[in-house]
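# Geometric and topological summary
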Amino acid sequence: MSVYRRFRDVRRFGPVTVATYHDGRGRNRHTAACSAPRCGFSNDYADRSAAELAARTHRCNP
């Protein structure tokens, strides 16, 4: 069973969405996920700045 995550502070950088959530241990985590078709980019980061940098520099492969 997957964990229900409540995302907050959601921002978009082109096709990439960056959001903050609490993980199962009560820590703040940040995720960056691309919503473009056939692009499977998504990753979790400990820093918000790292997630935003990944979102700004992400390039989808066609």
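Look above for the structure.
Summarised in this report is the structure supplied together with it. Chains are numbered independently. Their residues run from 1 in the order of the written sequence. Owing to the predicted nature of the model, reporting of local features is limited to residues with pLDDT of at least 70; listing and counting of side-chain atom pairs is limited to 80 or more, with chain, interface and lining totals taken over all residues. Just so you know, side-chain values use all the structure's heavy atoms and leave hydrogens and water out.

Strands qualify as paired when DSSP identifies two bridges or more between them. Helix and strand definitions follow DSSP, with helices as H or I runs of at least four residues and strands as E runs of at least two, each counted in order from the N terminus. With antiparallel pairing, the four strands of this open sheet are ordered in space as 1-2-3-4. Edge strands, defined here as strands with exactly one partner in the open sheet, are strand 1 (8-13) and strand 4 (42-45). Between one strand and the next, the sheet's axes are offset by a mean angle of 20 degrees, whatever the strand orientation. Every residue pair with non-hydrogen atoms within 4.5 Å of one another is taken to be in contact. What counts as an axis is a line fitted to C-alpha atoms, over the stretch in contact for a helix, and the angles between N-to-C directions run from 0 to 180 degrees. Along the sheet face, helix 1 (residues 48-57) touches strand 1, strand 2 (16-22), strand 3 (28-34) and strand 4 and points at about 160 degrees away from the line of strand 2.

Centres within 6.5 Å are what make two rings of Phe, Tyr or Trp a pair, Trp counting through its six-membered ring; a difference in plane orientation under 30 degrees is then read as stacked, over 60 as edge-to-face, and the rest as tilted. This model, assessed by the stated rule, comprises one aromatic pair. Relative to Y21, the ring of F7 has its centre 5.6 Å away and its plane inclined at 75 degrees; by these criteria the two rings are edge-to-face. A residue pair is termed long-range when its members are at least 10 positions apart, and F7 in the segment before strand 1 and Y21 in strand 2 qualify at 14 residues. For F7, a relative accessible area of 44% puts it in the partly exposed group. Any residue under 20% of the maximum accessible area for its type is buried, any over 50% is exposed, and the rest in between are partly exposed; the area is computed with a 1.4 Å probe on protein chains only.

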